[in-house]
Amino acid sequence: MAAERFELDPLAALLTVSRGVDTPEAIEEFFSSDIILSDPFMYADMEKAAERINLAIDNFERIAVYGDYDADGVTATALLYSYLQARGADVICYIPDREADGYGLNMEAIKELHDREVKLIVTVDNGVSAIEEAEYIEKLGMELVVTDHHQPGEVLPKAVAVVDPHREDCHGECKCLAGVGVAFKLATALENAGSEALADEYADIVALGTVADVVPLTGENRMIVKRGLELINTSPRPGIAALLNAAGCGGKEVDSTTIAFALAPRINAAGRMGSANRALNLLLSEEEELSETIAGEISLANEERQKTEQAILSEALDTIEKNPSKKYARVIVVKGEGWHCGVIGIVAARITRQYGKPCFVISVDSETGEAKGSGRSVEGFSLYDALADCSELFTKFGGHTLAAGLSINRENIDEFEKRINTYAASFSDIFPTLELSCRLNPSYITPAILPVIESIEPFGAENPKPVFGLFKMTVDKVEGMGGGKHMRLTAHRGNGSITAVKFGVSPEEFGFIPGDVIDLAVTVEANVFRGEKRVSVRLVEARPSDEDEEEFFSCIELYEKWQRGEELSDEEKEKACPVRKDIAAVFKCIIANSGWRLPIEFLNWRLRKFNLNYCKTAIAAEVLCEMGILKKNGSFIEIHDPSTKVDLANSEILKSLQKG
């Protein structure tokens, strides 16, 4: 119906309806290139904020735009500062140093701004939790306007205005704005005119911060990001053009993926590995040569960030793998002395992806004992709510559902780890999920699919790149690329065949071999080679066909429960305890493969004909290690002494799993 009415390709109609765009009005808005933004004065305190700032402009009072050091905060600062400057305001800007100042308003910075004769502080992307700092601002005779998009607490800071779409009394239509989105709303309120002209001026900056902060690309966010991408592709400002060149993207079509994986990490790197003011100056620069210089510096900072991140990740993973109590916890909490606070959030994200569970990475200052942590989560588990449940342990905390930060004293870290895992115990099925957009016949993957996918861009949170399910595909070939660091898979079903690539995974790590029948999750994108647009298929995930997912995940949960030493019911013990023939099957498979270097689920899949579940497979391997036949080396299982004669009746593991 939608396809006929709006003359859409049937697949485009299916993809839009499947993501909740299912009314004529919503479909028309989704595909429209117009910008129709809601009234900014619907947001609580917006009128007060605009009135006070306009008064400061008219009276030439000094205004300080107080931002944050991440991409959202930097873009929000650049937008509001340049807008106020264009209005003729006496305006300066301040971005705190991640290491020296930490997140948000701080007393020393406030004092510095007071000494610089600032009369009005306007925050962007921070401030909603700055209760004490707001009182200090009032004490010094200055005034405060807060614009933020983080979750407010029970008490709002004392300010002329607190503009935050998450306020309970806020009636603004778009609740999911990034910090730069709120700053843009403020600018439209200050302009008190149509938003089209301001969008043409600042949509590129708003698009950068909005995509970087991973807020939903729906509604107004989608409109402004679409317009921003048009600006970047047709007439990029010098700083953005220079950053694209530094990232190797100059002259190429820029989409939301380019922002997310090329531009945003570099802007963030400026604040993570030094001063975010470099990124701010880049966005404000109008000189091509200066922009190129700053962009080069930022790219070097990004390279340094990558090396630092990898070093901390390696240390964190080593700690996790050597401590089953951490590896099998519901929420992983890992700490280290002097870890760079600028990258611990990225490390937490990578650990969450690897283990499929919430994670906090905490850096401890060895001299003061003060610690800062950053967390990432999976759908269904709110980090903000989890932190609020033990808030008395922190000196500061805040964030969102899937990402949050905290400050804590060293002596409270162990209690935090205990408390958050106790809180998580009240949740069931905390597993990462991968939603397929639709099933697809592999023969449908031709160049004709590319315009369909491009029609629903830009992609981001809540409007993700389509992930297609290819079911019952037979593996034909698995080969290495890039010196074996990446892989290329060829598979078929019937007359349809595809070739897909997966980066960062070797053929050995992939685990599946020719002849296996598997289900694939893939994305499809354009690859331009010598001016010709071709179809490129990227492998997202693979699993054996006909896998009972509910049973599989319940067995993982049971195994981790056993690893945590929690009491099992007789029914759970029976489901978990391998018998002699199960242990023999696991032993023979590991011997045949000269050890086991893949995750246990692959071992379990190889033994499907024996009707072994994941938990029995994993515990059988533990028993063989306990008996000295095998041994663990990190996450690998090695052959130790296969000729050893053992009596399984002596296994303490098996004894603990006996019923009764």
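Now for a description of the structure that goes with this document. (Residues numbered from 1 in each chain as written. Predicted model: local features only at pLDDT ≥ 70, side-chain atom pairs only at ≥ 80, totals over all residues. Heavy atoms only, no water.)

1. Observations concerning the overall build of the chain
Stage number 1. When helices and strands are counted, the chain shows 26 helices and 18 strands.
Stage number 2. Here the C-alpha atoms of the chain give a radius of gyration of 27 Å, agreeing with the 26 Å that 2.2 N^0.38 yields for 660 residues.
Stage number 3. Its C-alpha atoms give the chain principal-axis dimensions of about 90 × 60 × 45 Å.
Stage number 4. Here the chain holds 660 residues, and the buried ones make up 53% of them.
Stage number 5. When contacts within the chain are restricted to residue pairs at least 6 apart in sequence, those whose partners lie at least 24 apart make up 65%.
Stage number 6. Averaged over its 69 positive side-chain charges, the chain has a centre that lies 8 Å from the centre of its 107 negative ones. (Helix = DSSP H or I, 4+ residues; strand = E, 2+ residues; numbered from the N terminus. Rg over C-alpha atoms; globule rule 2.2 N^0.38 Å. Buried < 20%, exposed > 50% of the residue type's maximum accessible area, 1.4 Å probe, protein only. Contact = heavy atoms within 4.5 Å. Lys, Arg positive; Asp, Glu negative; His and termini not counted. Charge placed at Lys NZ, Arg CZ, Asp CG, Glu CD.)

2. Structural notes on the sheet that holds strand β4 (residues 143–147)
Stage number 1. Across the sheet, five strands lie side by side as β2-β1-β3-β4-β5; this open sheet has parallel pairing. Edge positions in the sheet fall to β2 (90–94) and β5 (161–163), since each has one partner strand and no second. Between one strand and the next, the sheet's axes are offset by a mean angle of 20 degrees, whatever the strand orientation.
Stage number 2. Both strand β1 (residues 62–66) and β2 contribute to a ladder of five bridges, which runs parallel. Among the inter-strand pairings, R62 is bridged to a residue of β2, identified as D90. (Pairing = 2+ DSSP bridges. Axes fitted to C-alpha atoms, helices over the stretch in contact; angles between N-to-C directions.)

3. Remarks on the nonpolar core
Stage number 1. Membership of the largest hydrophobic core comes to 80 residues, with the highest contact counts inside it found for I53, I63, L84 and F184.
Stage number 2. Those residues in contact with I63 that sit more than four places away from it in its chain are I53, A56, I57, L84, A89, D90, V91, I92, V118, L120 and V122.
Stage number 3. Core analysis: the next-biggest nonpolar cluster, separate from the first, contains 78 residues, F459, V478, V522 and C577 among them. (Core = buried A, V, L, I, M, F, W, Y, C linked by side-chain atoms within 4.5 Å.)

4. Describing the packing of aromatic side chains
Stage number 1. Taken as a whole and judged by the stated rule, the model has 19 aromatic pairs.
Stage number 2. Judged by centre distance (5.3 Å) and plane angle (75 degrees), the rings of F381 and F427 are edge-to-face. Note that F381 is positioned in the loop between β8 (370–376) and α17 (383–388) and F427 in the loop between α18 (413–424) and β11 (438–439), a separation of 46 residues in sequence.
Stage number 3. Given the relative accessible area of 0%, F381 is considered buried.
Stage number 4. For the pair F394 and F397, a centre-to-centre distance of 5.8 Å together with 55 degrees between the ring planes defines the contact as tilted.
Stage number 5. For F394, a relative accessible area of 9% puts it in the buried group.
Stage number 6. Members of the aromatic cluster, each reached through a chain of ring pairs, are Y328, F510, F512, F552, F553, Y559, W562, F602, W605 and Y614.
Stage number 7. When the ring centre of F636 is taken as origin, the NZ or CZ atom of R597, which lies over that ring, is 3.9 Å away. (Phe/Tyr/Trp six-rings, centres within 6.5 Å; stacked < 30°, edge-to-face > 60°. Lys NZ or Arg CZ within 6 Å of the ring centre and 35° of its normal.)

5. Observations regarding helix α12 (residues 256–272)
Stage number 1. At L263, α12 is deflected by roughly 35 degrees, the largest bend along its length, and proline P265 occurs up to four residues later in sequence.
Stage number 2. N-capping of α12 is provided by D255, with a side-chain oxygen placed 3.1 Å from the backbone N of T257.
Stage number 3. Backbone geometry just downstream of α12 places G274 in the positive-phi region, at approximately 160 degrees. (Bend = angle between axes of the 7 residues up to and from the residue. Polar contact = N/O pair within 3.5 Å; in protein donor to acceptor, adjacent residues only side chain to side chain.)

6. Focus: the side chain of K226
Stage number 1. When you line up the elements, K226 lands in helix α10 (residues 219–234).
Stage number 2. Of the side chains bearing the opposite charge, E230 lies closest to the buried K226, which forms no salt bridge; the N-O distance is 6.4 Å.
Stage number 3. Discounting residues that sit within four places of it in the chain, K226 has contacts with F30, F31, S32, S33, E457 and P458. (Salt bridge = Lys/Arg side-chain N within 4 Å of Asp/Glu carboxyl O.)

7. Focus: the side chain of S536
Stage number 1. Following the sequence through the fold, S536 ends up in strand β16 (residues 532–544).
Stage number 2. Exposure remark for S536: the relative accessible area of 17% places this residue in the buried category.
Stage number 3. Not counting the four nearest positions on each side in its chain, S536 is found in contact with T523, V524, E525 and N527.

8. Looking at the pattern of salt bridges
Stage number 1. Going through the model one piece at a time under the given rule, you end up with 37 salt bridges.
Stage number 2. Between E309 and R350 there is a salt bridge, with its nearest N and O atoms 2.8 Å apart. With E309 in helix α14 (residues 288–322) and R350 in helix α16 (residues 344–355), this pair connects stretches of sequence that are 41 residues apart.
Stage number 3. Taking the relative accessible area as the measure of exposure, R350 reaches 28% and is therefore partly exposed.
Stage number 4. Between K357 and E560 there is a salt bridge, with the nearest N and O atoms lying 2.9 Å from each other. Separated by 203 residues along the polypeptide, K357 in the loop between α16 and β7 (359–364) and E560 in helix α21 (residues 549–563) bring together distant segments of the chain.
Stage number 5. A residue is classified by how much of its surface remains accessible, and K357, at 5% relative accessible area, is buried.
Stage number 6. Among the ionic contacts, a cluster of salt bridges with common partners joins D45, K48, R167 and D169.

9. A look at unusual backbone geometry
Stage number 1. For the peptide bond that leads from E457 to P458, omega is 5 degrees, which places it in the cis range.
Stage number 2. Here P458 shows up in the loop between α19 (450–454) and β12 (468–481).
Stage number 3. One non-glycine residue, S594, adopts positive backbone phi at about 55 degrees.
Stage number 4. In this structure, S594 sits in the loop between α23 (580–592) and α24 (600–606).

10. A few points about the packing of helix α6 (residues 107–115) against helix α7 (residues 131–139)
Stage number 1. Viewed as axis vectors pointing N to C, α6 and α7 meet at an angle of 25 degrees, and their least axial separation amounts to 10 Å. Regarding the angle of α6 to α7, the classification is roughly parallel. The interaxial crossing formed by α6 with α7 has right-handed handedness. Contact residues: α6 offers M107, I110 and K111, while α7 offers E132, E133, Y136 and I137. (Parallel < 35°, antiparallel > 145°, perpendicular 65-115°, else oblique. Left-handed = near helix turned anticlockwise from the far one by under 90°.)

11. Some words on the sheet that holds β8
Stage number 1. Spatially, the five strands line up as an open sheet ordered β6-β7-β8-β10-β9, and their pairing is mixed. The sheet is open, and its two edges are formed by β6 (332–337) and β9 (394–399), each paired on a single side. Direction aside, neighbouring strands of the sheet carry axes that sit 15 degrees apart on average.

12. A word on a negative patch on the surface
Stage number 1. Taken together, the side chains of E286, E287, E288, E289 and E292 define an acidic patch exposed on the protein surface.
Stage number 2. For E286, the location among the structural elements is in the loop between α13 (277–284) and α14.
Stage number 3. Overall, E286 belongs to the exposed group, its relative accessible area being 72%. (Patch = residues over 30% accessible without salt bridge, like charges linked within 9 Å, V, L, I, M, F, W, Y side chains within 5 Å. Areas by Shrake-Rupley, 256 points an atom, 1.4 Å probe, with all protein chains shown as cover.)

13. Some words on the environment of A521
Stage number 1. Along the chain, the position of A521 falls in strand β15 (residues 517–529).
Stage number 2. Residue classification places A521 among the buried residues on the basis of a relative accessible area of 5%.
Stage number 3. Setting aside anything within four residues of it in sequence, one finds A521 in contact with L434, L436, V467, F468, R538, L539, V540 and E541.

14. Observations concerning the pairing of β9
Stage number 1. Both β9 and strand β10 (residues 403–409) contribute to a ladder of five bridges, which runs antiparallel. By the bridge assignment for β10, K396 is matched with S407.
Stage number 2. Taken together, β9 and the strand that follows it, β10, pair antiparallel across an intervening segment of three residues.

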